[in-house]
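Fold and geometry: a report
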Amino acid sequence: MRFNTDARIVMTLDAGGTNFVFSAVQSEQEIIDPISIPAEGEKLEIVLEKIIQGFNEVKAKLKAPPVAISFCFPGPAEYELGIIGDLENLPTFRGGVALGPMLEEKFGIPVFINNDGDLFAYGEAIAGLLPDINRRISGSKSPKSYQNLLGVTFGTGFGGGIVSRGQLFLGDNSAQGEINRMRNKLHTNATVEENVSIRGIKRTYCRVTGLTPDQCPTPKDIFEIGMGTAAGNKEAAILAFHRMAEAAGDAIANAITMIDGLVVIGGGLSGAYPLFLQRLVDEMNSNFTTMVGTAVDRMEIKAFNLEDENEFARFYEGDTREIKVPFSSRRIQYDPMKRIGVGISRLGTSKAVSIGAYAYALHKLDNK
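The text that follows walks through the structure, step by step, so that each part is easy to find. If you're wondering where the values come from, they're calculated on a predicted model, not measured in any experiment. (Residues numbered from 1 in each chain as written. Predicted model: local features only at pLDDT ≥ 70, side-chain atom pairs only at ≥ 80, totals over all residues. Heavy atoms only, no water.)

Topic: the overall build of the protein chain
Spelled out, the test is: By definition, any uninterrupted DSSP run of H or I lasting at least four residues is a helix, any uninterrupted run of E lasting at least two residues is a strand, and each is numbered from the N terminus. For the radius of gyration, the atom set is restricted to C-alpha positions; the globular benchmark scales as 2.2 Å times the number of residues to the power 0.38. We call two residues in contact when some of their heavy atoms are within 4.5 Å.
Looking only at helices and strands, the protein chain features 10 helices and 19 strands. Its C-alpha atoms give the protein chain a radius of gyration of 22 Å, near enough to 21 Å, the size a compact globule of 368 residues would have. Seen along its three principal axes, the alpha-carbon backbone of the protein chain occupies a region of about 65 × 65 × 40 Å. A separation of at least 24 residues holds for 62% of the contacts in the protein chain among residues at least 6 apart in sequence.

Structure representation (structure tokens):
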């Protein structure tokens with residue numbers, strides 16, 4: 001369901017370890033300039049007062065009262081209860097902090113908190129890649145349409161979220177979509193996030209080039225080196241993104257086997273997709289080997305790179321045919337090609353999270 005014509009206003013927050021960025025959304029659009037407040041504080045009370053201050057400043061700029069507060073906040077947490085656990089980047093949060101209930105008391109409106117990976121996936125399912133692909137394939141002969149989405153983010157860490165038939169999937173422990181905790185194909189005693197992250201890209205590039213961590217270029221610089229538009233070790237740069245793609249493709253293949261839907265990638269590293277996306281899709285389509293030595297497809301479905309024109313054309317066409325209904329003169333269309341697509345965020349990560357937070361709050365209010 002879209003809320004792009006809804007007049008209700010929701011206050012939002014993008015909570016990072018460095019800054020709290022506050023805003024307000026109406027009709028799926030930000031309606032004020034974001035307000036940034038440093039996140040640091042020696043005591044929990046100082047940090048909480050900054051959060052209250054930020055929302056007060058947002059509220060003062062609004063022409064109509066907000067109906068809810070909805071935002072992403074780091075975990076671990078019990079998001080449905082609004083309780084934040086022990087945070088690595090915000091060390092004053094310890095022992096369980098009832099952030100949601102506190103804000104509900106202060107502002108007198110419902111408060112909804114989620115993980116950024118979940119809200120990214122929800123935004124892309126509502127207004128991003130999922131409807132875009134369904135719109136594009138609606139003109140094909142295939143009867144296929146898509147209703148499920150796995151959203152993943154590549155950046156400081158490796159995040160994820162799941163949307164199924166319009167509903168954001170919520171686990172029993174607020175630990176849904178934690179794809180970062182999957183086993184790393186390249187280093188089997190480590191998590192996949194060790195390679196699917198900024199630190200993973202830099203570590204590989206430094207290891208191959210012999211640079212120290214303080215000498216290492218940024219991932220943006222490494223991408224430009226890999227594309228041949230900046231000076232540096234091109235082979236090492238390409239390898240860094242290919243290693244990330246191999247680890248990510250393995251984890252996404254494991255996850256999508258349980259979900260069976262489209263995959264959308266966001267986060268700070270997603271702009272480097274020319275160096276990693278096809279390699280990631282190839283990993284998803286690789287083979288297992290049986291105990292007798294024969295090959296078996298890694299997945300029951302085939303993945304396509306939606307950012308490649310030729311790959312998208314094959315995804316679009318499928319294998320549509322007409323079949324006869326038994327004991328009837330009627331014929332129906334049938335597309336037996338089991339396929340999904342992997343694409344890059346259509347909205348941009350921040351906007352997808354913002355739309356996801358807005359839509360989640362209004363959906364909860366409407367179904368209360």
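Points about the sheet that holds strand β10 (residues 148–154)
As a reminder, the rule being used: When DSSP finds two or more bridges between a pair of strands, those strands are recorded as paired. To obtain an axis, a line is fitted to C-alpha atoms, over the contacting stretch when the element is a helix, and the angle between two such axes runs from 0 to 180 degrees between their N-to-C directions.
Sheet architecture is open: six strands sit in the order β12-β11-β10-β13-β19-β16, paired in mixed fashion. Of all the strands in the sheet, the pair left with one neighbour each is β12 (167–168) and β16 (302–305). Pairing geometry for strand β13 (residues 262–266) and strand β19 (residues 339–344), over three bridges, is parallel. Within the sheet, the bridge partner assigned to I265 lies in β19 and is I344. Along the sheet, helix α7 (residues 234–259) contacts β10, β11 (158–164), β13 and β19; its crossing angle with β10, the most-contacted strand, is approximately 155°. Contacts from helix α9 (residues 309–317) reach β13, β16 and β19 within the one sheet, and its direction differs from that of β16 by about 135°.

A short note on the sheet that holds strand β8 (residues 97–98)
Taken together, three strands build an open sheet; the order of strands is β6-β7-β8 and the sheet is antiparallel. Looking at which strands have only one partner, the edges of the open sheet turn out to be β6 (77–78) and β8. Note: strand β7 (residues 83–84) against β8, two bridges, orientation antiparallel. Across the sheet, residue I84 finds its bridge partner in β8, namely V97.

Remarks on unusual backbone geometry
The phi angle of most residues is negative, glycine excepted, and most peptide bonds adopt the trans form. The linkage connecting G75 with the following residue, P76, adopts the cis geometry, with an omega of 15°. For P76, the location among the structural elements is in the loop between β5 (68–72) and β6. Positioned with a positive phi, E28 is a non-glycine residue whose angle comes to about 65°. Examined against the element boundaries, E28 turns out to sit in the loop between β2 (19–26) and β3 (29–30).

A few points about the packing of aromatic side chains
This is how it is decided: Pairing of aromatic rings covers Phe, Tyr and Trp, the last counted by its six-membered ring, and requires centre-to-centre distances within 6.5 Å; plane angles under 30 degrees mean stacked, over 60 mean edge-to-face, and any other angle means tilted. Accessibility here uses a 1.4 Å probe with only protein chains present; expressed as a share of the type maximum, an area under 20% marks a residue as buried, one over 50% as exposed, and anything in between as partly exposed. Distance and angle both matter: a charge sits over a ring if NZ of Lys or CZ of Arg is within 6 Å of the ring centre and within 35 degrees of the ring normal.
For the coordinates displayed, the defined rule picks out 16 aromatic pairs. Ring centres 6.1 Å apart and planes at 75° place the aromatic pair F55 and F107 in the edge-to-face group. Placement of the pair is F55 in helix α1 (residues 44–61) and F107 in helix α2 (residues 99–107), with a sequence separation of 52 residues. Residue F107 is classed as buried on the basis of its relative accessible area, which comes to 10%. Between R136 and the ring centre of F312, over which it is positioned, the NZ or CZ distance is 3.9 Å. The cationic tip of R339 hangs over the ring face of F315; the distance from NZ or CZ to the ring centre is 5.7 Å.

As for the packing of helix α3 (residues 116–127) against helix α4 (residues 129–137)
Spelled out, the test is: Orientation categories follow fixed angle ranges, with anything under 35 degrees roughly parallel, anything over 145 roughly antiparallel, 65 to 115 roughly perpendicular, and all other angles oblique. When residue character is reported, Ala, Val, Leu, Ile, Met, Phe, Trp, Tyr, Cys and Pro are called nonpolar, Asp, Glu, Lys and Arg charged, and the others, Gly included, polar.
Interhelical geometry of α3 versus α4 gives an angle of 30° and a closest axis separation of 4 Å. Taken as axis vectors, α3 and α4 run roughly parallel relative to one another. Residues E124, A125, I126 and A127 of α3 lie in contact with α4, whose contacting residues are L129, L130 and P131. Looking at the contact of α3 with α4, its residues break down into six nonpolar, no polar and one charged.

Side note on the environment of N189
With respect to the helices, strands and loops of the structure, N189 is situated in the loop between β12 and α5 (198–209). Under the relative-accessibility criterion, N189 is labelled exposed at 74%. Separated by 139 residues in the primary sequence, N189 and S328 place their C-alpha atoms 58 Å from one another.

With respect to a nonpolar patch on the surface
Applied cut-off: Only residues whose relative accessible area exceeds 30% and that form no salt bridge enter a patch; like-charged residues are grouped when within 9 Å of one another, and nonpolar side chains (Val, Leu, Ile, Met, Phe, Trp, Tyr) when within 5 Å. For accessible areas, the Shrake-Rupley method is used with a probe of radius 1.4 Å. Any residue's cover is judged against the shown protein chains and nothing else. Salt bridges, as used here, are contacts in which a Lys or Arg side-chain nitrogen is within 4 Å of a carboxyl oxygen on Asp or Glu.
Together, I323, I332 and Y334 make up a nonpolar patch on the protein surface, roughly 230 Å² of accessible area in all. Within the element layout of this structure, I323 appears in strand β17 (residues 321–324).

Considering the packing of α7 against helix α8 (residues 273–284)
What counts is decided by this rule: Crossing handedness: left-handed means the near helix sits turned counterclockwise from the far one by under a right angle, and right-handed means the same turn made clockwise.
At a closest axis distance of 7 Å, the pairing of α7 and α8 adopts a crossing angle of 40°. Regarding the angle of α7 to α8, the classification is oblique. Handedness of the α7/α8 crossing: right-handed. Across from I238, F241, H242, M244, A245, E246, A248, G249, D250, I252, A253 and I256 in α7, the residues of α8 making contact are L275, F276, R279, L280, E283 and M284.

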